[in-house]
Amino acid sequence: MKNFKKERTLVIIKPDGLQRSLVGEIITRYERIGLKLVGLKMMVPSAEMIEKHYTLDPEWVRITGEKTIKGYKDKGMKPPIEDPLQVTKLLLERLKKYMASGPVIAMVWQGAHAVQIVRKITGKTEPLMSDVGTIRGDFVLDSYEMSDIDERCIRNLIHSSGSVKEAEDEIKHWFREEEIINYRLIQEQILYDVNLDGILE
Ligand code: ATP
Ligand code: MG
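Remarks on the environment of Ile-121
Line of reasoning, step 1. Mapped onto the elements of the fold, Ile-121 is located in helix α6 (residues 114-122).
Line of reasoning, step 2. Look at Ile-121 and you get buried, because its relative accessible area is 12%.
Line of reasoning, step 3. For the pair Ile-121 and Ile-149, spaced 28 residues apart in sequence, the C-alpha to C-alpha distance is 28 Å.
Line of reasoning, step 4. In this structure, Ile-121 is in contact with Arg-29, Tyr-30, Ile-33, Thr-134 and Ile-135, ignoring residues within four places of it in sequence.

A closer look at the site of ligand 1
Line of reasoning, step 1. Around ligand 1 there are 21 residues in total, and Lys-14, Thr-68, Thr-125, Asn-156 and Ser-160 lie nearest to it.
Line of reasoning, step 2. Between an oxygen atom of ligand 1 and a side-chain N or O atom of Arg-119, the distance comes to 3.2 Å.
Line of reasoning, step 3. Protein burial of ligand 1: of its 570 Å² of free accessible surface, 95% is covered by the chains.
Line of reasoning, step 4. Elements with a minimum of two residues in the shell around ligand 1: α4 (60-74), α5 (84-99), α8 (144-149) and β4 (158-160).
Line of reasoning, step 5. Considering each element in turn, the shell around ligand 1 owes the most residues, four residues, to α4.
Line of reasoning, step 6. Of the residues assigned to the shell around ligand 1, the class counts are nine nonpolar, seven polar and five charged.

Some remarks on the sheet that holds β4
Each strand in a sheet pairs with another by means of backbone hydrogen bonds, the pair being arranged parallel or else antiparallel.
Line of reasoning, step 1. The strand order across the open sheet formed by four strands is β2-β3-β1-β4, and the pairing between neighbours is antiparallel. Two strands close off the open sheet at either side, each with one partner strand: β2 (36-43) and β4. The mean angle between the axes of side-by-side strands here comes to 15°, regardless of whether they run parallel or antiparallel.
Line of reasoning, step 2. As paired strands, β2 and strand β3 (residues 104-110) are joined by seven bridges and run antiparallel to one another. Bridge pairing in β3 links Met-43 to Val-104.
Line of reasoning, step 3. The strands that helix α9 (residues 164-174) touches are β1 (8-13), β2, β3 and β4; relative to β1, the one it contacts most, it runs at about 55°.

Re the packing of aromatic side chains
Line of reasoning, step 1. Considering all chains together, one arrives at three aromatic pairs under this definition.
Line of reasoning, step 2. Ring geometry for Tyr-54 against Trp-60: centres 5.1 Å apart, planes inclined by 40°, an arrangement best described as tilted.
Line of reasoning, step 3. The buried category is assigned to Trp-60, whose relative accessible area is 14%.
Line of reasoning, step 4. The ring of Tyr-183 carries the charged tip of Lys-36 above its face, separated from the ring centre by 5.1 Å.
Line of reasoning, step 5. The ring of Phe-175 carries Lys-41 above its face, with NZ or CZ at 4.8 Å from the centroid.

Considering the environment of Leu-35
Line of reasoning, step 1. Of note, Leu-35 is situated in the loop between α2 (23-32) and β2.
Line of reasoning, step 2. If we skip the residues at most four places from it in the chain, Leu-35 touches Tyr-30, Trp-109, Gln-110, Gly-111, Ala-112, Ala-114, Ile-117, Val-118 and Gln-187.

A word on the environment of Met-99
Line of reasoning, step 1. With respect to the helices, strands and loops of the structure, Met-99 is situated in helix α5.
Line of reasoning, step 2. Judged by relative accessible area, which is 0%, Met-99 ranks as buried.
Line of reasoning, step 3. Placed 49 residues apart in sequence, Met-99 and Ile-50 show a C-alpha to C-alpha distance of 6.9 Å.

Some points on the side chain of Thr-88
Line of reasoning, step 1. Considering the arrangement of structural elements, one finds Thr-88 in helix α5.
Line of reasoning, step 2. A distance of 3.0 Å separates a polar atom in the side chain of Thr-88 from the backbone oxygen of Pro-84.
Line of reasoning, step 3. In contact with Thr-88, not counting residues within four places along its chain, are Trp-60, Val-61, Thr-64 and Gly-65.

So, the domain arrangement of the protein chain
Line of reasoning, step 1. By the assigned domains, the protein chain splits into domain 1 (1-44 + 102-146 + 153-201) and domain 2 (48-101).
Line of reasoning, step 2. For domain 1 versus domain 2, the separation of C-alpha centres amounts to 22 Å.
Line of reasoning, step 3. Across the boundary between the two partners, domain 1 contributes 26 residues, which contact 17 residues of domain 2.
Line of reasoning, step 4. Summed over both partners, the interface of domain 1 with domain 2 comes to about 1,700 Å²; 66% of that surface belongs to carbon and sulfur atoms.

The rules behind these values
- Residues numbered from 1 in each chain as written.
- Chains lettered and ligands numbered in written order.
- Predicted model: local features only at pLDDT ≥ 70, side-chain atom pairs only at ≥ 80, totals over all residues.
- Heavy atoms only, no water.
- Helix = DSSP H or I, 4+ residues; strand = E, 2+ residues; numbered from the N terminus.
- Buried < 20%, exposed > 50% of the residue type's maximum accessible area, 1.4 Å probe, protein only.
- Contact = heavy atoms within 4.5 Å.
- Near = heavy atom within 4 Å.
- Polar contact = N/O pair within 3.5 Å; in protein donor to acceptor, adjacent residues only side chain to side chain.
- Areas by Shrake-Rupley, 256 points an atom, 1.4 Å probe, with all protein chains shown as cover.
- Nonpolar A, V, L, I, M, F, W, Y, C, P; charged D, E, K, R; others polar.
- Pairing = 2+ DSSP bridges.
- Axes fitted to C-alpha atoms, helices over the stretch in contact; angles between N-to-C directions.
- Phe/Tyr/Trp six-rings, centres within 6.5 Å; stacked < 30°, edge-to-face > 60°.
- Lys NZ or Arg CZ within 6 Å of the ring centre and 35° of its normal.
- Domains from an automatic or database assignment.
- Buried area = accessible area lost by both parts, 1.4 Å probe.

Below, the structure written as structure tokens:
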């Protein structure tokens, strides 16, 4: 049977998140829902590290290109390039500049539905469209329209894994096995135990 408690996801606080002094706020949001922090490090990633990160999934190039083109069309706008692969090639160059521009914080969060829960709390990729109450919706105001004019990446504070498989690959890319800590949190009894029979004295 699937062990829900063991699902893990990778979160990176991007250089803009750190510069905006949002590290504490971002960690609080994942912490307060009940997820467990099992790995954390600060570093200035190299451009190679970033390129590898985004191309771990060979499908990412196509999916991201299509998603970007759809984003334009949904707003009734014409995408600057029609070929999804070309769209992503350009994006990858911008991502390397963005993500390697300063320190980032990489974290592994663990708990039931960690991947989906983190995506939900983080909000949609384009901050203009992210719901209020999500991190991107509450703390940043960028749009594709603005980032295109400036020929840069959209600044959206955080990266989070898109699927359980993506999370497994990304965690291996950013962390060595021994950098992830297995430990028990007292609150897990309340979150996961079948009976709440340990409360009363
Ligand atoms: P992330 O993977 O960073 O959590 P995501 O899964 O929502 O975000 P992806 O489609 O994987 O987004 O794109 C990776 C990152 O590339 C985005 O977070 C954003 O910073 C940037 N990005 C994506 N699409 C565009 C675009 N059309 N224009 C500018 N930047 C973009
Ligand atoms: Mg992604």
